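# Secondary and tertiary structure notes
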Amino acid sequence: MTQAISPRTRAQIFLFTLTRTVINSGYRMVYPLLPLFAAGMGMQLADLSIAFSIRSALGVFNPFLASLANAKDRKNGLMLGAVLFFIGCGITAVGQNFLGFVVGLSVFGMGNGIFIPSMQAYLGDKVPFERRGTVLSITELSWSLGFIIGVPVLGSLLEKGSWVTPFSALAITGALLAAALWLLIPVERTPVSTGTSGLVDLVKALRYFPVLAAVLTGIFSTGANEMINLTFSVWIKDSFGLDFAALTIASIIIGTSELGSELLSVAVLDKIGKHRAMRLALILNGIVALVLPLTRVSFGLALTGLALFYVSFEFALISLMTAVSEVLPHARAAVLSLLIAALSLGRMLGPLFSPALYQSSFWLVCLAAAALNAGAVLLVPSIRVNPQSAPAES
């Protein structure tokens, strides 16, 4: 019999989703609003890349911080992530200069990297595995909602105020949400049977092959997505000679595709099984990547291809996160934090390789993305869930 989710846990799921929507709004607003931030600071766009490089580099430490924070109590990790988020936004709002932007974005990014695995580990402790796909899919709605709702709201605040106004709003909202988390999340000892520390759990996770398989799957799949992500707008412009409005339409297509994929995950992920869903989504993602160059005959066809590409990627990612939450249950926070770090590493593959490949041909970008997806598919069977705590899946 499926265990029911308590009303208190339902309220916590709502609060987690709301908190992540605010965090993701801040995370995703930086890209479309980057020219306005650069103008406000009197900087060149290329100069702001320093902030993203530092944020990515600091992401390497997130698994250590998340593991330590979650070693005794999940609430510690949740609060650390939430507090770092609003402190980072506050640093940028108060500093009102390039240094404040760099430091604030870095602290904000560390908070996000700690909050996500802490939240997923908390829900992994509370929600049975057979229902966890639905629950984690609900929290992942925050990614698309942050883009569809949060970014326009923050952009409006910037337009009416200054470039630091969105960060001020995020800092205040983040502080209120951190207070709500403090009140609603109880202090509960982490359900660890071994009594080990967070760092010991991290070492165990790194030495366990199913965890490494999940990490590599995350790197490969996210790398494939990022290679297309960084070149699709240039390819659309080169192929169709369209203006900024057309690229805006493409961005809207991406946001709605992500929302559709997250709603699909809510509806079917637990029914068809996490591993089966992951395999199907990765295979579809690779096939769509191979077909994308052929869609240049029609702008509508190209947008349809992009929509399928992002739907399949998001569906695969949610399936991966859900499966990973039960690979090593006694070190759940350490495993999930490693996965989040792996996704960041995967996103670094795009800037490293896709621009050079695109200079030769968009076909090479798509072939590389398909090859990375093929590697991820081969690793899926090795991401074995703990047989004593979860029902087997095909």
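Presented here is a report on the structure given in the accompanying data block. (Residues numbered from 1 in each chain as written. Predicted model: local features only at pLDDT ≥ 70, side-chain atom pairs only at ≥ 80, totals over all residues. Heavy atoms only, no water.)

## Overview of the overall build of the protein chain
On a plain count of helices and strands, the protein chain comes out with 15 helices and 0 strands. Taking 394 residues into account, the globule formula puts the C-alpha radius of gyration at 21 Å, and the protein chain, at 20 Å, falls close to it. Counting only C-alpha atoms, the protein chain reaches 60 × 50 × 35 Å along its principal axes. Residue pairs at least 24 apart in sequence account for 85% of intrachain contacts in the protein chain once pairs closer than 6 positions are excluded. (Helix = DSSP H or I, 4+ residues; strand = E, 2+ residues; numbered from the N terminus. Rg over C-alpha atoms; globule rule 2.2 N^0.38 Å. Contact = heavy atoms within 4.5 Å.)

## Things to note about helix α6 (residues 98–126)
Relative to the 42 Å expected for 29 residues at 1.5 Å per residue, α6 spans 42 Å between its end C-alpha atoms, a close match to the ideal helical length. Counting buried positions over the 29 residues of α6 gives 24, a clear majority of the element. (Expected span 1.5 Å × (residues − 1). Buried < 20%, exposed > 50% of the residue type's maximum accessible area, 1.4 Å probe, protein only.)

## What about the packing of aromatic side chains?
Inspection of the entire model under this criterion finds 15 aromatic pairs. Ring geometry for Phe37 versus Phe101: centroids 6.0 Å apart, planes at 45 degrees, classification tilted. Linking Phe37 in helix α2 (residues 34–41) with Phe101 in helix α6, this pair joins segments that are 64 residues apart in sequence. For the pair Phe37 and Phe101, one class covers both residues: buried. Both rings, one in Phe101 and one in Phe167, keep their centres 6.2 Å apart while their planes meet at 90 degrees; by these two values the pair is edge-to-face. (Phe/Tyr/Trp six-rings, centres within 6.5 Å; stacked < 30°, edge-to-face > 60°.)

## As for the environment of Leu264
The residue Leu264 is located in helix α11 (residues 244–272) in this model. As a C-alpha pair, Leu264 and Tyr310 span 46 residues in sequence and 13 Å in three-dimensional space. Residues within four places of Leu264 in sequence aside, it is in contact with Leu269 and Phe315.

## Quick word on the environment of Ala376
By secondary structure assignment, the location of Ala376 is in helix α15 (residues 362–379). In the structure, Ala376 is positioned 19 residues away from Leu357 in sequence and 21 Å away in space, judged by C-alpha atoms.

## Thoughts on the packing of helix α13 (residues 299–324) against helix α14 (residues 332–360)
Angle between the axes and distance between the axes: these two values describe a pair of packed helices. One way to put it is that α13 packs onto α14 with a least axis distance of 9 Å and a crossing angle of 155 degrees. Relative to α14, the element α13 is oriented roughly antiparallel. The way α13 lies across α14 gives a crossing that is right-handed. On α14, the residues touching Leu317, Leu320, Met321 and Val324 of α13 are Val335, Leu336, Leu339, Ile340 and Leu343. Looking at the contact of α13 with α14 residue by residue, the class counts come to 9 nonpolar, no polar and no charged. (Axes fitted to C-alpha atoms, helices over the stretch in contact; angles between N-to-C directions. Parallel < 35°, antiparallel > 145°, perpendicular 65-115°, else oblique. Left-handed = near helix turned anticlockwise from the far one by under 90°. Nonpolar A, V, L, I, M, F, W, Y, C, P; charged D, E, K, R; others polar.)

## Digging into the nonpolar core
Membership of the largest hydrophobic core comes to 47 residues, with the highest contact counts inside it found for Phe16, Met29, Phe37, Phe101, Phe115, Leu123 and Leu181. Considering each element in turn, this core owes the most residues, 8 residues, to α6. In contact with Phe16, other than residues within four places in its own chain, are Leu78, Phe115, Met119, Tyr122, Leu123, Leu181 and Ile185. Grouped together as the second largest cluster of nonpolar side chains are 41 residues, Val211, Leu320, Leu343 and Val380 included. (Core = buried A, V, L, I, M, F, W, Y, C linked by side-chain atoms within 4.5 Å.)

Read these as spatial facts, not as claims about activity.
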